[in-house]
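# Survey of secondary and tertiary structure
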Amino acid sequence: DTAVSQTPKYLVTQMGNDKSIKCEQNLGHDTMYWYKQDSKKFLKIMFSYNNKELIINETVPNRFSPKSPDKAHLNLHINSLELGDSAVYFCASSQDTSPGFEQYFGPGTRLTVT
Amino acid sequence: AQSVAQPEDQVNVAEGNPLTVKCTYSVSGNPYLFWYVQYPNRGLQFLLKYITGDNLVKGSYGFEAEFNKSQTSFHLKKPSALVSDSALYFCAVRLLRGGYNKLIFGAGTRLAVHP
């Protein structure tokens, strides 16, 4: 019954590895997002997809590649992980791109790179 | 620059007392303003929003916020705080850019409600 779910909840890996985080929403929303929350709790948008199409790509390193196989799923693949990638990554969704719609967030994935 | 600011890192209040968490914004055009709450080790939960209409907006868990255009503020309020309200609160504003928009968050304010 979880509206926005993410897997895994925790991810511990070594520098240089490649990892993926998966996100699914069952709200029937058209738009999905990835956010990064750093150690100071600052939240910043990374990507946004609308109906499987990329519409926002902030200044994120090319090592980060989102993929949306359908509008209910938005995955995040990270290549060559670095220490600075350690953070909590949140997936979110909204009904569509209209600015008045609130976003629903997943529980987050805590990524620790050692 | 378009932005949103939360001037207080932390707000302390005694249970039963009223609480206010401050937020100011700087955007061009009409603002779309939101408040979210984050409990420890959880995702953000939507509390309330201002799009248009009445300046006083009511939301979840007894929270409300007042939109003040002249002061460019959107402070979050609750008449009587509960210990369970202790959490991290984020104010956010939608920035409209060309054909798309994105949500910009403030730095967050930690609310601590003491018994």
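Cut-off values and rules
Residues numbered from 1 in each chain as written. Chains lettered and ligands numbered in written order. Predicted model: local features only at pLDDT ≥ 70, side-chain atom pairs only at ≥ 80, totals over all residues. Heavy atoms only, no water. Disulfide = S-S within 2.5 Å. Helix = DSSP H or I, 4+ residues; strand = E, 2+ residues; numbered from the N terminus. Buried < 20%, exposed > 50% of the residue type's maximum accessible area, 1.4 Å probe, protein only. Contact = heavy atoms within 4.5 Å. Buried area = accessible area lost by both parts, 1.4 Å probe. Salt bridge = Lys/Arg side-chain N within 4 Å of Asp/Glu carboxyl O. Polar contact = N/O pair within 3.5 Å; in protein donor to acceptor, adjacent residues only side chain to side chain. Nonpolar A, V, L, I, M, F, W, Y, C, P; charged D, E, K, R; others polar. pLDDT = per-residue confidence, 0-100. 1 Å grid on protein atoms, 1.4 Å probe; cavity = no way out; pocket = protein on both sides within 12 Å on 5 of 7 lines; lining within 4 Å. Points joined across faces, edges and corners; volume = space filled by probe spheres on them.

All names here are of chain A. In this structure the tally under the stated criterion is 2 disulfides over all chains. Paired by a disulfide, cysteine 23 and cysteine 91 hold their sulfur atoms 1.9 Å apart. An S-S torsion of about -75 degrees defines the bridge between cysteine 23 and cysteine 91 as left-handed. Of this pair, cysteine 23 sits in strand E3 (residues 19-25) while cysteine 91 sits in strand E9 (residues 87-94), and the two are 68 residues apart along the sequence. There is no split in this pair, since cysteine 23 and cysteine 91 are both buried.

What follows is about the interface of chain B and chain A. On the side of chain A, 24 residues touch chain B, which itself brings 22 residues to the contact. Counting the surface lost from both chain B and chain A, the interface buries some 1,800 Å², and carbon and sulfur atoms represent 54% of this. The largest share of the area that chain B buries against chain A comes from Leu44, Arg94 and Phe105 of chain B, three residues that together contribute 25% of it. Linking chain B with chain A are 2 salt bridges. Joining chain B to chain A, the criterion identifies 8 residue pairs in polar contact (both at pLDDT 80 or more). Of all the secondary-structure elements, those providing two or more residues to the side of chain B that touches chain A are strand E5 (33-38), strand E6 (44-50), strand E10 (87-97) and strand E11 (100-105) of chain B. Of the residues belonging to the side of chain B that touches chain A, the class tally is 13 nonpolar, 4 polar and 5 charged.

Per-residue confidence for chain A gives a mean pLDDT of 94, with 99% of residues at or over 70. No element of chain A has a lower mean pLDDT than strand E6 (residues 53-57) of chain A, which averages 90, and none a higher one than E3 of chain A, which averages 98.

Now for the layout of surface pockets. The computed volume of the largest pocket comes to approximately 270 Å³. As for the largest pocket, its lining consists of 13 residues, and the residues nearest its centre are Tyr104 and Phe105 of chain A together with Gly43, Leu44 and Gln45 of chain B. For the lining of the largest pocket, the secondary-structure elements that each account for two or more residues are strand E10 (104-105) of chain A together with E6 of chain B. At 3 residues, the largest contribution of residues to the lining of the largest pocket is made by E6 of chain B. A per-class count over the lining of the largest pocket returns 7 nonpolar, 5 polar and 1 charged. Taken as a whole, the second largest pocket encloses approximately 230 Å³ of empty space. Arg110 of chain A together with Gln38, Pro40, Asn41 and Arg42 of chain B are the residues nearest the centre of the second largest pocket, which is lined by 17 residues in total. Counting residues per element, the ones that place at least two in the lining of the second largest pocket are E9 and strand E11 (109-113) of chain A. Residue classes in the lining of the second largest pocket are distributed as 7 nonpolar, 5 polar and 5 charged.

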